[in-house]
Amino acid sequence: MSEQHDIAFTLNGKPVNALVDARLNLADFLRQTLRLTGTHIGCEHGVCGACNVMIDGRSVRSCLTLAVQADGAEVETIEGLTARNAIADLQREFVARNALQCGYCTPGMLVTAAELLSRGKPSRTEIREALSGNYCRCTGYQAIVDAIEAVAALHSGSKP
Amino acid sequence: MTEASGLIGRSTPRRDAKRLAEGRGRYTDDLDVANLGHVAFLRSPHAHARILSIDTVAARQAPGVIAVITGEDIAAVCKPWQTRLAPLPIHSSPPQYPLVRGEACWQGEAVVAVVAATRAQAEDALESIMIDWEELPAVPSIEMAGASRAAVVNTAKDTNLGLDHAFTAGNPEQAFASARPLSSMILFLGARPA
């Protein structure tokens, strides 16, 4: 279990170089090694979506991704997306509707929503379909769907 | 009641919502405490089984391991939980320990806890623990648990019945007889065994 690899990738716009255990998953690397704790770990087997991060523009389960798989990629976490205002509209609508309670699922929800909105204007059904891989255990999904729908309408210049 | 001009009846923004939506919440697992140990649990692979023996010798010597704790170890410092209903003393519930003592009564019940310097080391050590199980009859549904001559879910009790209690108010037979339309429904939460 001591096999290690050198990896180099871009994280939130900045280069990262590290020597990591082959078995280390990306979520643990982000949270424990880099102390970027905005990425959350819920189920640890790819069901709950709390650990979603963006890799090369697509939402990915960081608990099912090995750190070595990030080699050469562009990785963005909630910290980076926030810092470059990439999801400011979504965050504003989530806050306005209180589409969160404990906030544990929220970074993963926002990553999923950001990827969805990057592909055009989704219908309400498509929003729900996209969120089927993100569990919220306190708020319920109504306000979350409302928030994403509002941003979709804003981006397309129309009313929902 | 008069409508006040204050907070009552008004939607107000939550002070911490923005922070949480930016991933800046601080949850227990986010805290970085010096000399923190990490725990992993060996869980019962069986729905119902008796433990004949547990061998933790190799786990105790595995790299990074701080402690290996069995049901007997923790029972010495922690009393079991036992549900009791003060108004219904006939309710009966077996004692529940933090870790299995002798008999696992559900698949996934925690049996051994390993604390190590890292989570990965704790999980490695779990793999070296040897448990000799004797499988007991499993009771996978509420209907089977309630059937006559059903196997017991927990051998600490001689029946699966926790409480047999009926109460009425008014005259339900007459109310049902005169109610139209009448509908009934049985709801199952989660997976229902075939």
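All residue numbers refer to position in the chain's written sequence, counted from 1. Here chains are named by letter from A upward and ligands by number from 1 upward, in the order in which they appear as written. Residues qualify for local features only when their pLDDT is at least 70, as the model is predicted, and side-chain atom pairs are given and counted only at 80 or more; totals for whole chains, interfaces and linings, by contrast, use all residues. Note that the side-chain values use all heavy atoms of the structure and ignore hydrogens as well as water.

## Points about empty space enclosed by the protein
Residues and elements named next belong to chain A. Of the grid points, spaced at 1 Å and generated over the protein atoms alone, those admitting a 1.4 Å probe that cannot get out make up cavities, while open sets with protein on both sides within 12 Å along at least five of seven lines make up pockets; any residue with an atom within 4 Å of a point is treated as lining. Grid points are joined across faces, edges and corners, and a volume is the space filled by probe spheres set on the points. According to the stated counting rule, one finds one cavity of 30 Å³ or more in the structure shown. By volume, the largest cavity is sized at about 40 Å³. Residue lining of the largest cavity: His40, Ile41, Gly42, Cys43, Glu44, Gly46, Val47, Cys48, Gly49, Cys51, Arg61 and Cys63, and that is the complete set. Asp, Glu, Lys and Arg are counted as charged, while Ala, Val, Leu, Ile, Met, Phe, Trp, Tyr, Cys and Pro are counted as nonpolar; the rest, among them Gly, fall into the polar class. Counted by class, the lining of the largest cavity contains six nonpolar, four polar and two charged residues.

## Some details on the packing of aromatic side chains
Between the rings of Phe, Tyr and Trp (Trp by its six-membered ring), a pair exists once the centres lie within 6.5 Å; its type follows the angle of the planes, with under 30 degrees stacked, over 60 edge-to-face, and the other angles tilted. The final tally for this structure, using the stated rule, is two aromatic pairs over all chains. Seen in terms of ring centroids, A:Tyr104 and B:Tyr27 are 4.9 Å apart; in terms of plane orientation they differ by 85°. Their pairing is edge-to-face. Taken together, the residues A:Tyr104 in the loop between helix 3 (88–97) and helix 4 (106–118) and B:Tyr27 in the loop between helix 1 (17–21) and strand 1 (38–43) connect one chain to another. One Lys or Arg, A:Arg137, reaches over the ring of A:Tyr135 and ends 4.8 Å from the middle of that ring. A ring is considered to have a charge above it if a Lys NZ or an Arg CZ atom is located within 6 Å of its centre and within 35 degrees of its normal. It is B:Arg101 that lies over the ring of B:Tyr97; its NZ or CZ is 4.8 Å from the centre. Put simply, DSSP H or I for four residues or longer makes a helix, DSSP E for two residues or longer makes a strand, and each gets a number counted from the N terminus.

## Side note on the pattern of salt bridges
For salt bridges, the criterion is a side-chain nitrogen of Lys or Arg within 4 Å of an Asp or Glu carboxyl oxygen. In this structure the tally under the stated criterion is 19 salt bridges over all chains. Taking the shortest distance from any N to any O, the salt bridge between B:Arg119 and A:Glu44 comes out at 2.9 Å. Here the residue B:Arg119 occupies a position in helix 4 (residues 119–126), and A:Glu44 occupies one in the loop between helix 1 (26–33) and strand 3 (52–55), the pair thus bridging two chains. With relative accessibility at 37%, the residue A:Glu44 sits in the partly exposed group. For B:Lys18, the salt bridge is made with B:Glu22, and the minimal N-O distance between the two is 2.9 Å. A residue is classified by how much of its surface remains accessible, and B:Glu22, at 13% relative accessible area, is buried. Where salt bridges share partners, they join A:Asp89, A:Arg92, A:Glu93 and A:Arg97 into one cluster. For the exposure calls, accessible area comes from a 1.4 Å probe over protein chains only, and a residue counts as buried if that area is under 20% of its type's maximum, exposed if over 50%, partly exposed in between.

## Focus: helix 4 of chain B
All names here are of chain B. Among all positions of helix 4, only Ala122, Ala125 and Leu126 are buried. The buried residues of helix 4 occupy an angular sector of 105° when the element is viewed end-on, so they sit on one face. In what follows, a contact means two residues having at least one pair of non-hydrogen atoms within 4.5 Å. Contacts from the buried residues of helix 4 go to strand 1, helix 2 (57–60), strand 3 (65–70) and strand 5 (110–116). The directions considered for the arc run from the helix axis to the C-beta atoms.

## Digging into the confidence of the model for chain B
Scored by pLDDT, chain B has a mean of 92; 95% of the residues are at 70 or more. For this predicted complex, the interface confidence comes out at an ipTM of 0.93, alongside a pTM of 0.81. Known as pLDDT, the predictor's per-residue confidence is scaled from 0 to 100.

## A few points about the interface of chain B and chain A
Contact with chain B, which involves 16 residues of that partner, is made by 22 residues of chain A. A quick way to say it: buried area is the sum, across both parts, of accessible area lost when two parts are put together, with a 1.4 Å probe. Of all residues in chain B, the largest losses of buried area upon contact with chain A belong to B:Arg14, B:Ala21 and B:Tyr27, amounting jointly to 32% of the total for that side. Here chain B is connected to chain A by five salt bridges. With a shortest N-O distance of 2.9 Å, A:Arg31 and B:Asp30 are connected by a salt bridge. Under this definition, polar contacts are N or O atom pairs within 3.5 Å; protein pairs additionally need one hydrogen-donor-capable and one acceptor-capable atom, and for neighbouring residues in sequence, both atoms have to be side-chain atoms. At the boundary of chain B with chain A, the tally comes to twelve residue pairs in polar contact (both at pLDDT 80 or more). For the side of chain B that touches chain A, the secondary-structure elements that each account for two or more residues are helix 1 and helix 4 of chain B.

## Topic: the sheet that holds strand 2 (residues 49–55) of chain B
Whether two strands pair comes down to DSSP finding at least two bridges between them. Spatially, three strands are ordered 4-2-6 (chain B) in an open sheet, and the strand pairing comes out antiparallel. In the strand order of this sheet, the two ends are held by strand 4 (103–104) and strand 6 (130–135) of chain B, each with one partner.

## Some points on the layout of surface pockets
Rolling a probe over the atoms, with the probe sized like a water molecule, indicates the empty space that remains. Quantified by volume, the largest pocket comes out at close to 1100 Å³. Around the largest pocket, the lining is made up of 37 residues, and of these A:Asp28, A:Gln32, B:Thr118, B:Arg119 and B:Ala120 lie nearest the centre. If you list the elements that add at least two residues to the lining of the largest pocket, you get strand 2 (14–21) and helix 1 of chain A together with strand 1 and helix 4 of chain B. Residues belonging to the lining of the largest pocket are distributed by class as follows: 15 nonpolar, ten polar and twelve charged. Estimates place the volume of the second largest pocket at around 620 Å³. Around the second largest pocket sit 24 residues that line it, and B:Pro94, B:Gln96, B:Cys105, B:Val153 and B:Asn154 are the ones nearest its centre. A per-element tally of the lining of the second largest pocket places helix 5 (residues 142–146) of chain B first, with three residues.

## Considerations on the pairing of strand 2 of chain A
All names here are of chain A. In this structure, strand 1 (residues 4–11) lies alongside strand 2, joined through eight bridges in antiparallel fashion. The partner of Ala8 across the bridge, within strand 2, is Asn17. From the end of strand 1 to the start of strand 2, which pair antiparallel, there are two residues, and Asn12 there has a positive phi angle of about 50°.

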